[in-house]
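Coordinate inspection notes
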Amino acid sequence: MSVMDSYRRDPALPLSLREALERNGKALEFYAALTPAERKRICREARRDPRPEAVNAIVNGLVGWEEGHPPYQL
């Protein structure tokens, strides 16, 4: 099991945070490289406000989130 897969079996990781990390690969890489104390801090933040928007903001704040620029090709 790689370090990046270790978050999947972490019982301390809130489900909303796990799902948000799965949607942002760069944030997942960043999270996997954090110290245990830093991971606990992020888990506490996610538990404090478990709304999906808030947890997504926490995860995207780790490494950023690039929005596309118009015009979009459909």
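A quick note: this is a predicted structure, and the numbers were derived from the prediction, not measured.

1. Section: the pattern of salt bridges
The tally for this structure, following the rule as stated, stands at 3 salt bridges. A cluster of three or more residues bridged by salt bridges with shared partners is formed by Asp49, Arg51 and Glu53.

2. Points about helix 4 (residues 52–63)
For helix 4, built from 12 residues, the straight-helix expectation of 16 Å at 1.5 Å per residue is met to within 8% by its first-to-last C-alpha distance of 18 Å. Its buried side turned inward, helix 4 meets helix 1 (15–23), helix 2 (25–32) and helix 3 (36–48). Once helix 4 ends, the next one or two residues include Gly64, with phi positive near 95°.

3. Description of a positive patch on the surface
A cluster of basic residues, Lys40, Arg44, Arg47 and Arg48, forms a positive patch at the surface. Inspection of the secondary structure assignment puts Lys40 in helix 3.

4. Concerning the nonpolar core
Core analysis: the biggest nonpolar cluster contains 15 residues, and Leu13, Leu17, Leu21, Tyr31, Ile42 and Val59 have the highest contact counts within it. Elements that contribute at least two residues to this core include exactly helix 1, helix 2, helix 3 and helix 4. Top contributing element to this core by residue count: helix 4, with 4 residues.

5. With respect to helix 3
Over its 13 residues, helix 3 extends 18 Å from the first C-alpha to the last, a length consistent with the 18 Å expected when each residue adds 1.5 Å. Those residues of helix 3 not exposed but buried are Arg39, Ile42, Cys43 and Ala46. One face of helix 3 carries all of its buried residues, which in axial projection span an arc of 100°. Exposed and oriented more than 90 degrees from the buried face of helix 3 are Ala37, Lys40 and Arg48. Buried positions along helix 3 lie against helix 1, helix 2 and helix 4.

6. Description of the packing of helix 2 against helix 4
In the contact formed by helix 2 and helix 4, the axes pass within 8 Å of each other and the chain directions differ by 75°. The pairing of helix 2 with helix 4 is recorded here as roughly perpendicular in orientation. Facing Lys26, Ala27 and Phe30 of helix 2, the residues of helix 4 in contact are Val59, Leu62 and Val63. Class assignment of the residues belonging to the contact of helix 2 with helix 4 gives a composition of 5 nonpolar, no polar and 1 charged.

7. So, the confidence of the model for the protein chain
Counting all residues, the mean pLDDT for the protein chain is 83, and 77% of those residues have values of 70 or more. The element-level mean pLDDT for the protein chain is lowest in helix 2, coming to 89, with helix 3 highest at 94.

Analysis parameters
Residues numbered from 1 in each chain as written. Predicted model: local features only at pLDDT ≥ 70, side-chain atom pairs only at ≥ 80, totals over all residues. Heavy atoms only, no water. Salt bridge = Lys/Arg side-chain N within 4 Å of Asp/Glu carboxyl O. Helix = DSSP H or I, 4+ residues; strand = E, 2+ residues; numbered from the N terminus. Expected span 1.5 Å × (residues − 1). Contact = heavy atoms within 4.5 Å. Patch = residues over 30% accessible without salt bridge, like charges linked within 9 Å, V, L, I, M, F, W, Y side chains within 5 Å. Areas by Shrake-Rupley, 256 points an atom, 1.4 Å probe, with all protein chains shown as cover. Lys, Arg positive; Asp, Glu negative; His and termini not counted. Charge placed at Lys NZ, Arg CZ, Asp CG, Glu CD. Core = buried A, V, L, I, M, F, W, Y, C linked by side-chain atoms within 4.5 Å. Buried < 20%, exposed > 50% of the residue type's maximum accessible area, 1.4 Å probe, protein only. Arc of directions from axis to C-beta. Axes fitted to C-alpha atoms, helices over the stretch in contact; angles between N-to-C directions. Parallel < 35°, antiparallel > 145°, perpendicular 65-115°, else oblique. Nonpolar A, V, L, I, M, F, W, Y, C, P; charged D, E, K, R; others polar. pLDDT = per-residue confidence, 0-100.

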